[in-house]
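# Reading the structure
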Amino acid sequence: MSDQQFPGLSRRGFLGLAGAATAGLALTACAGTGGGDEQEGDANAITFWSNHPGTSKELENELISRFQTEYPDLKVNLVSAGKNYEEVSQRFNAALSGGDLPDVVVLSDVWWFNYALNGSIEPMDSHFSSAGVDLADYVDSLAADYEFNGQHYALPYARSTPLFYYNKDVWAKAGLPERGPESWTEFDEWGPKIQSIVGADKWAHGWGNAKDYLAWTFQGPMWTFGGRYSKEWQLTFNDAKSIEAGNYLRDSINAKKYASVRPTLPVDIGNGLVASGIASTGDLKSITSSAAGKFDLGTAFLPHPNGPGATTGGAGLAIPARISDTRKENALKFIGFITNAANTAYFSQGTGYMPVRKSALQDPSEQQFLAENPNSKTAIDQLALTRSQDYARVFIPGADQIIGTGLEQIGLQNRDAAAAFADVTNQLQTIIDRQILPKLPK
């Protein structure tokens, strides 16, 4: 299946129409489909729903203070709408069914499509001029992640890539070069050496669990083995190279015994319980803080011997469709302000997320920060070696947990990858057949 089968559709337009079906399962039996009366609310108050990505509540309060200094007639109310992206989405969906809507809401890479395709969030482009937002200054690839049929339904905010974190002190004791592995095959050779250094109560490497977005972080390793989750809507878990990647995960834990599935991986990295692991750039601040005084922390690109070995992720900021036009304009004014060059640099420095504005890299404070904090520069440099996520994780409802659970079974239960991936394929194919294919354009 290719875009050319559907003349007149851009790639993003095709994804969007396909994604309309994926929204079905996630929002089945929900009233939150963009209907109902417009909510007037207080035109001079902006309610901001966030999960405070990267433990950023204090930073968000500072951004709000800066905004209110610039716009003293507008008051911003920061609401802790959930502890993660899923909880924020659930609360937003409930509000669409009859509650008070926020003015700005954090939505992750796997959630915004649902709401755009149901008409629940506002296409922003017609408001850019009046709100003073310069779309061209946003990093192109990050802004494009929220585009559907020529309209942008969110703007990038807390955007990340997975990074390879490692304990430089352990690396030195193991006689390894001060860098990340160039391939997972190379790391498979390093693993036992590292394990001999850390001892029986620790691990050379940690893999996240299903709730810690293992399906997201394992895409890169899967790609570098030559496998992938899907080719557009064709599932490819059962391909030989995908199975090879899965069995590498299995063997690193159960055969060679240098790795472990960790339910709190960023914490374990920072505390030195694991000598390396893949975690979000958004975890950089907390991991660095935990590691301080204990060991020298390093970051590296994910191994990428045959091309991109990592993807992007994180969240953007969206505006509900059913609030008044005045509220929409003020909301977009707020989004544009807290993601401007100086403020995205401030947010990036405080969390580890990537600056979302091109001009931020010329900000003097950002240049100084990157010079003094090379670990933070890793994510920005790696952006050139990322690629878009596989459809199977992003556009099939519930797929993140289904894939993550399959990977957990491989690691925790020593299950053969072919068997685990066969089950994952069957579950996802059923969703595709019932929820997606009947709704694709003919």
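In this text, all values refer to a predicted model and were calculated from it rather than measured experimentally.

For the protein chain, the count of helices and strands is 20 helices and 14 strands. Computed over its C-alpha atoms, the radius of gyration of the protein chain comes to 22 Å, within 12% of the 22 Å expected for a compact globule of 442 residues. Carbon and sulfur atoms make up 48% of the accessible area of the protein chain, which amounts to about 17,200 Å² in all.

Moving on, we come to the nonpolar core. Ranked by internal contacts, the top residues of the largest apolar core, which has 124 residues, are F48, I194, W207 and I396. Looking at this core, the element that brings in the most residues is helix α20 (residues 417-436), giving 8 residues. When we break this core down by domain, the ones giving at least three residues each are domain 1 (45-160 + 313-362) and domain 2 (162-311 + 392-439).

Taking 1.5 Å as the rise per residue, helix α19 (residues 399-412) with 14 residues should run 20 Å; its terminal C-alpha atoms sit 19 Å apart, in good agreement. Along α19, the residues classified as buried are A399, D400, I402, I403, G404, G406, L407, E408, I410 and G411. Buried residues in α19 make contact with α9 (214-217), α11 (240-254), β11 (259-262), α18 (391-394) and α20. Positioned one or two residues after α19, N414 has a phi angle of 55 degrees, which is positive.

Attention now moves to the domain arrangement of the protein chain. Assigned domains within the protein chain: domain 1 (45-160 + 313-362) and domain 2 (162-311 + 392-439). Here the C-alpha centre of domain 2 lies 29 Å away from the C-alpha centre of domain 1. In this assembly, 15 residues from domain 1 lie in contact with 12 residues from domain 2. Surface buried jointly by domain 1 and domain 2 totals about 990 Å² across both partners, of which 52% is contributed by carbon and sulfur atoms. Taken as a group, V110, S160 and G352 account for 37% of the area that domain 1 buries against domain 2, more than any other trio of residues on that side. Remark: the boundary between domain 1 and domain 2 carries 4 residue pairs in polar contact (both at pLDDT 80 or more). Elements supplying a minimum of two residues to the side of domain 1 that touches domain 2: α3 (85-96), β6 (155-160) and α15 (341-351). Sort the elements by how many residues they give to the side of domain 1 that touches domain 2 and α15 lands first, with 3 residues. Split by residue class, the side of domain 1 that touches domain 2 holds 4 nonpolar, 8 polar and 3 charged.

This part covers the pattern of salt bridges. The tally for this structure, following the rule as stated, stands at 18 salt bridges. With its nearest N and O atoms 3.6 Å apart, the salt bridge here joins R393 to D109. Pair noted here: R393 is in helix α18 and D109 is in the loop between β3 (104-108) and α4 (112-117), with a separation of 284 residues, a long-range link. Like D109, R393 is buried. A salt bridge links D381 to K377, with the shortest nitrogen-to-oxygen separation between them at 2.9 Å. One end of the pair, D381, and the other, K377, are both in helix α17 (residues 374-382), 4 residues apart, so they sit about a helical turn from each other. With a relative accessible area of 36%, K377 lands in the partly exposed category. Taken together, the shared-partner salt bridges in this structure form one network comprising D109, R393 and D400.

Here we take up the pairing of strand β12 (residues 276-280). Within β12, 5 of the 5 residues are buried, which leaves the element mostly enclosed by the surrounding structure. Summarising the sheet, strand β7 (residues 162-167) and β12 pair through 5 bridges and their orientation is antiparallel. Bridged to F164 within β12 is I278.

Turning our eyes to something else, we now look at the side chain of D103. By the secondary structure assignment, D103 is in the loop between α3 and β3. According to the relative accessible area criterion, D103 is buried, its value standing at 1%. A polar side-chain atom of D103 sits 2.8 Å from the main-chain amide nitrogen of T47. Separated by 2.7 Å, the side chains of D103 and R327 make a polar contact. Aside from chain neighbours lying at most four places away, what touches D103 is A45, I46, T47, A318, I319, P320, I323, R327 and A331.

Now for the packing of helix α16 (residues 364-372) against α17. In contact at an axis separation of 6 Å, α16 and α17 are set at 110 degrees when each is read in the N-to-C sense. In terms of their interaxial angle, α16 and α17 are classed as roughly perpendicular. Between α16, through E366, F369, L370, A371 and E372, and α17, the contact on the second element is made entirely by P374, S376, K377 and I380. Considered class by class, the residues forming the contact of α16 with α17 number 5 nonpolar, 1 polar and 3 charged.

Parameters and conventions
- Residues numbered from 1 in each chain as written.
- Predicted model: local features only at pLDDT ≥ 70, side-chain atom pairs only at ≥ 80, totals over all residues.
- Heavy atoms only, no water.
- Helix = DSSP H or I, 4+ residues; strand = E, 2+ residues; numbered from the N terminus.
- Rg over C-alpha atoms; globule rule 2.2 N^0.38 Å.
- Areas by Shrake-Rupley, 256 points an atom, 1.4 Å probe, with all protein chains shown as cover.
- Core = buried A, V, L, I, M, F, W, Y, C linked by side-chain atoms within 4.5 Å.
- Buried < 20%, exposed > 50% of the residue type's maximum accessible area, 1.4 Å probe, protein only.
- Domains from an automatic or database assignment.
- Expected span 1.5 Å × (residues − 1).
- Contact = heavy atoms within 4.5 Å.
- Buried area = accessible area lost by both parts, 1.4 Å probe.
- Polar contact = N/O pair within 3.5 Å; in protein donor to acceptor, adjacent residues only side chain to side chain.
- Nonpolar A, V, L, I, M, F, W, Y, C, P; charged D, E, K, R; others polar.
- Salt bridge = Lys/Arg side-chain N within 4 Å of Asp/Glu carboxyl O.
- Pairing = 2+ DSSP bridges.
- Axes fitted to C-alpha atoms, helices over the stretch in contact; angles between N-to-C directions.
- Parallel < 35°, antiparallel > 145°, perpendicular 65-115°, else oblique.

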